[in-house]
Amino acid sequence: MLTRTVFRPRILNFNRLLHSSSRINRQLFDPSTVERVSEDVDVCIVGAGPAGLSTAIRLKQLEQKLGKEFRVVVLEKGAEVGSHILSGAVIEPRALDELLPDWALRDDHPLTQSATSSHMRFLTKSLSIPIPHPPQMSNQGNYIVSLSRFAAWLGNIAEEMGVEVYPGFAGAGVVYADDGSVAGVRTNEVGLDRLGCMKESFEPGMEFRAKVTLIAEGAHGSIAKELIQNFDLRRNSDPQTYGIGLKEVWRVDPTQYRPGEVVHTMGWPLDFRTYGGGWVYHMADGLVSLGLVIGLDYANPYLSPYKEFQRMKHHPYFAQLLSGNSTRVAYGGRSLNEGGLQSVPQLYFPGGALVGCSAGFVNIAKIKGTHNAMKSGMLAAEAAAAVLSQDSSSGPADMSKYETALKNSWVWSDLNEVRNLRESFNTPLGIWGGIMYSGIDSLLLKGRTPWTFRNRARLTDAQHTQPAYRFRPINYPPPQPPLSTDLLTSLTLTGTNHAEEQPVHLRVRKDGIEDTTLRKLHVQRNVSEYAGLLQRACPAGVYEYIEDETAADGWNGHKLVINSQNCIHCKLCDIKVPTQDITWTVPEGGGGPKYSEYLLLIVSAGMVHLILSLSSHYLTVYDSAV
Amino acid sequence: MRPSAVRLLNILVPIKRAVDYAVKIRVNPEQTGIDLNVKHSMNPFDEIAVEEAVRIRERLKDAVKSIKVVTIGPPKSAETLRTALAMGADSAVHVEILESAPAPEPLGVAKALKALIERQKEGVDVVIMGKQAIDDDAGQTGQMLAGLMGWSQATFASKVEVDPEQKIANITREIDGGLEELRCKLPVIITTDLRQVHLLNEPRYASLPNIMKAKKKPVEKLTAAELGVDLTPRLETIKVTEPLKRVGGGKVANVDELLTKLKEAGVTGKRA
């Protein structure tokens, strides 16, 4: 063995400059000329949540019944199944009982904590007054679960049955056939830099051509938004309205732990004009899920959902719950549907359909949507199986039978019973009007009324926002650890991260236009009229309106900074921005939050992690430490 | 006339499923180790090894006959093998151990790899693996394997060039104070260092088409008993604790105060 020792001084960045694909040589990615790998499947489902996975499982069950084989692919943008789903959650097992009647016999099922009691409390600044709750909120027979773990469990079952589940790959766009129908979806490109140029690791997204495409992206999905627009699916329904749910999970002191207890609160810290309420669910293993939902039709642009949540925890009721030997183990946020029956769009389009929260089946009185989401998935699977069993050459898949089946199912009657409750909060009487009406309707009438409150003016949540001059800034107290913390500290608990060098996935784009003029207009209107609403509203600190005299795309010395790496995929910005010019698009798959049952174990080392993940900075630091 | 047959290269890449680098680890309540109920993924050094094997094939083309990955681990390690197959390996071997079994130690792993290599009918020419695993930081397996096999070894490699015709490999190693160039006769054991990322490669994304193809690639399942190897650990971990929390220091105003504090702490002085 010959040895030749050569001593070379260690030049830290030298080799990176030499060998990584030089920026100057990178080409701009052109979506119109790219060649994509294409794969044919029977059914492609976007989103591995309860709805998407129930669809997949039902399809595999029908294979045996119909004597046919279906190739089913499920795409999921989270790094693992369950990473991007967040909810309270108390689930009604009605759909699960239908889908997997023997679920209780499986030894790994996550429904280990039954809901044992339900309470409702009205909070004032210092008191918490027990009040009666609508009968829909009694949780007899329901379970308190981590929806993240529930989805992961369904994902395993789906894979066992032969469904191809691909976490880490986002459904980025629709593949259209020549006749304008939906022929499938394509996944996201990987390996584009911030300017959209192709790095050495570039791989174009691939296409899944499917006979039936089902969109199960959850509330305000990005592909669902495009399809609803393109096929005018809302022509006969009201716009969807949303709430933002902010959640934390705490390991509480054993003296404060009452397993199975379900509590909902109304009132403080929200004012009477703002819809919303808190929750406390005592889950299994000494963990408590708590949070605050705020209707996104709030008018005051100075409202900060995150800060409202933090100050709610200082209320004596919460302060006591979280006293003693307690630790916060998780934080997260996600939008949820509140529109109910009136906001359900047409569910089918040529080539596919919408299932789950992408359509919007949350029962706002029960504050539950998982059972309806799963049932919608199962019905869609049945309709899809029927379509696939027919002669395949007769044009794009017609999923209209799915909508008919849904309207004849218990999902519809479930939503019908509570259809007027949410709208009853939208009067000048605010929550008082809502509570009064809802009390009568839910207790006595149970929705058996000849009237249905509609949003005739088609006002969206964004349009409900009023200019800042009508309000005074809200004086939120500063964070007081351990009960309340600042936003960025909480954010580390989501485990969110996105690979560094990739295009910003939050686009300032409206009606297909994306340019500097639009950006300047965005900054102008948001800063001057709405006091920079997004900066206060985003639960991940993505948006900042900062002072910068030199910015080319700014206005009056202000500019918009988008810290897209912080994004937790909650979709609040797309919904609430008053100028409606933020379009949420999928980042590279595998990024985003990493919600799980025990979030603390997936905590990344704070913001430093964002730098550690790929880049050579870490390695240069590592080198010099050696 | 045919030239002396150039044997096509068979590359073996041992990989390990370890705790993901981004996870914030905690000591388990029994104080016997860390809480393993966290995200796991392929050891980053092994990712580089797989990438390097694929790059060697890209350079030498048909001269590389096969790239085989192997892992010794519980059933979940199969996912790690699939990732490696998606990155470009041809086939995989999974030496399955029980979920509850203790993690194998470097000597056990090296012996298992030796047994595996000896089972390969076509032989193995290059073994390329990560220099250490990020969960135990042992950094011993490659060297032990070379010792057991009596093969040449080049550890902490930052640059690898294989010449199948001459049956040698030119390898640049990272050493204290600089770089060392070695010429090794095949067969050789190479362990990859992190810095390879810069000099040679950034591990590629496993693209979805490759992940789908990987599902069809063969995975051979074996047990330690079939290899004739005993993986029982020889070391017993007595206790694992977190480092003591740093207690704040105090500032002293002058030398006299310093002396007082030192005396209080029980430090005595001696006249030199």
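Residues numbered from 1 in each chain as written. Chains lettered and ligands numbered in written order. Predicted model: local features only at pLDDT ≥ 70, side-chain atom pairs only at ≥ 80, totals over all residues. Heavy atoms only, no water.

A look at the overall build of chain A
Within chain A one finds 18 helices and 24 strands. On C-alpha atoms alone, chain A measures out to a radius of gyration of 25 Å, which is about the 25 Å that the 2.2 N^0.38 rule sets for 626 residues. Oriented by its inertia axes, the alpha-carbon framework of chain A measures out at about 90 × 65 × 55 Å. Contacts spanning at least 24 positions in sequence make up 78% of the contacts within chain A whose residues lie at least 6 apart. For chain A, the exposed surface amounts to about 25700 Å²; the carbon and sulfur share of it is 53%. The centroid of the 60 positive side-chain charges in chain A is displaced by 5 Å from the centroid of its 63 negative side-chain charges. (Helix = DSSP H or I, 4+ residues; strand = E, 2+ residues; numbered from the N terminus. Rg over C-alpha atoms; globule rule 2.2 N^0.38 Å. Contact = heavy atoms within 4.5 Å. Areas by Shrake-Rupley, 256 points an atom, 1.4 Å probe, with all protein chains shown as cover. Lys, Arg positive; Asp, Glu negative; His and termini not counted. Charge placed at Lys NZ, Arg CZ, Asp CG, Glu CD.)

Structural notes on the confidence of the model for chain B
Residue and element names in this part refer to chain B. On average, residues of chain B carry a pLDDT of 88, and 94% of them reach 70 or more. Between the elements of chain B, mean pLDDT differs from a low of 50, seen in helix α5 (residues 196-199), to a high of 96, seen in helix α4 (residues 141-149). Across the interface, the model reports ipTM at 0.71; the global pTM reads 0.84. (pLDDT = per-residue confidence, 0-100.)

Comments concerning the packing of aromatic side chains
Note on aromatic pairs: each is described by the distance of the centres and the angle between the planes. Residue and element names in this part refer to chain A. Throughout the structure, instances matching the rule amount to 10 aromatic pairs over all chains. Consider the rings of Phe150 and Trp153, whose centres lie 5.9 Å apart with planes at 40 degrees: the pair is tilted. Residue Phe150 and its partner Trp153 are both found in helix α4 (residues 147-160); the two are separated by 3 residues, about one turn of the helix. Like Trp153, Phe150 is buried. Above the face of the Phe309 ring, Lys313 is positioned so that its terminal group lies 5.5 Å from the ring centre. Lying over the aromatic face of Tyr298, Lys576 brings its terminal NZ or CZ to 4.3 Å of the ring centre. (Phe/Tyr/Trp six-rings, centres within 6.5 Å; stacked < 30°, edge-to-face > 60°. Buried < 20%, exposed > 50% of the residue type's maximum accessible area, 1.4 Å probe, protein only. Lys NZ or Arg CZ within 6 Å of the ring centre and 35° of its normal.)

Thoughts on the confidence of the model for chain A
Residues of chain A with pLDDT of at least 70 account for 91%, and the chain-wide mean is 88. In this model, residues 1-21 of chain A is a region of pLDDT below 50 whose contacts with residues beyond four sequence positions or in other chains number 41 contacts.

So, the nonpolar core
Residues and elements named next belong to chain A. Residues Phe208, Met399 and Tyr402 are the most contacted members of the largest nonpolar core, which totals 86 residues. With 11 residues, helix α8 (residues 370-389) is the largest single contributor of residues to this core. With 61 residues, the next largest nonpolar core counts Phe309, Met312, Leu487 and Val527 among its residues. (Core = buried A, V, L, I, M, F, W, Y, C linked by side-chain atoms within 4.5 Å.)

A few points about the domain arrangement of chain A
Residue and element names in this part refer to chain A. Partitioning chain A into structural domains gives domain 1 (38-109 + 148-239 + 341-416), domain 2 (117-144 + 241-338), domain 3 (422-460), domain 4 (495-584) and domain 5 (599-625). Taken over C-alpha atoms, the centre of domain 2 sits 23 Å from the centre of domain 3. At the boundary of domain 2 with domain 3, total buried surface from both sides reaches about 1100 Å², with 66% on carbon and sulfur atoms. For the pair domain 2 and domain 3, the interface holds 2 salt bridges. Taking the shortest distance from any N to any O, the salt bridge between Asp297 and Arg422 comes out at 3.1 Å. Here domain 2 is connected to domain 3 by 3 residue pairs in polar contact (both at pLDDT 80 or more). Grouping the constituent residues of the side of domain 2 that touches domain 3 by class yields 6 nonpolar, 3 polar and 2 charged. (Domains from an automatic or database assignment. Buried area = accessible area lost by both parts, 1.4 Å probe. Salt bridge = Lys/Arg side-chain N within 4 Å of Asp/Glu carboxyl O. Polar contact = N/O pair within 3.5 Å; in protein donor to acceptor, adjacent residues only side chain to side chain. Nonpolar A, V, L, I, M, F, W, Y, C, P; charged D, E, K, R; others polar.)

Considering the pattern of salt bridges
Applying the stated criterion across every chain yields a total of 39 salt bridges over all chains. The salt bridge involving A:Arg258 is made with A:Glu261; its shortest N-O contact spans 3.0 Å. A residue is classified by how much of its surface remains accessible, and A:Glu261, at 10% relative accessible area, is buried. A salt bridge links B:Glu118 to B:Lys114; its shortest N-O distance comes to 3.3 Å. Here B:Glu118 and its partner B:Lys114 are both found in helix α3 (residues 106-119), 4 residues apart, which amounts to about one turn of the helix. Note on B:Glu118: relative accessible area 54%, which makes it exposed. Given the relative accessible area of 24%, B:Lys114 is considered partly exposed. The structure contains a network of salt bridges with shared partners spanning A:Arg26, A:Asp193 and A:Glu501.

Side note on a nonpolar patch on the surface
Residues B:Val252, B:Val255, B:Leu258, B:Leu259, B:Leu262 and B:Val267 make up a contiguous nonpolar surface patch of about 470 Å² in total accessible area. The topology assignment puts B:Val267 in the segment after α8 (255-264). (Patch = residues over 30% accessible without salt bridge, like charges linked within 9 Å, V, L, I, M, F, W, Y side chains within 5 Å.)

Quick notes on the side chain of B:Thr71
All names here are of chain B. Mapped onto the elements of the fold, Thr71 is located in strand β4 (residues 64-73). On the accessibility criterion, Thr71 (1% relative accessible area) is buried. When near neighbours in sequence (up to four residues on either side) are disregarded, Thr71 contacts Ile15, Lys16, Arg17, Ser77, Leu81, Val93, His94 and Val95.

Re the pairing of strand β5 (residues 117-123) of chain A
Residue and element names in this part refer to chain A. As paired elements, β5 and strand β15 (residues 261-267) share 7 bridges and run parallel to each other. Its bridge partner lying in β15, Met120 is registered against His264. Inspection of the sheet shows β5 paired to strand β6 (residues 128-131) by 4 bridges, in the antiparallel sense. Directly across from Arg121, in β6, lies its bridge partner Pro130. The turn linking β5 back onto β6 is made up of 4 residues. (Pairing = 2+ DSSP bridges.)

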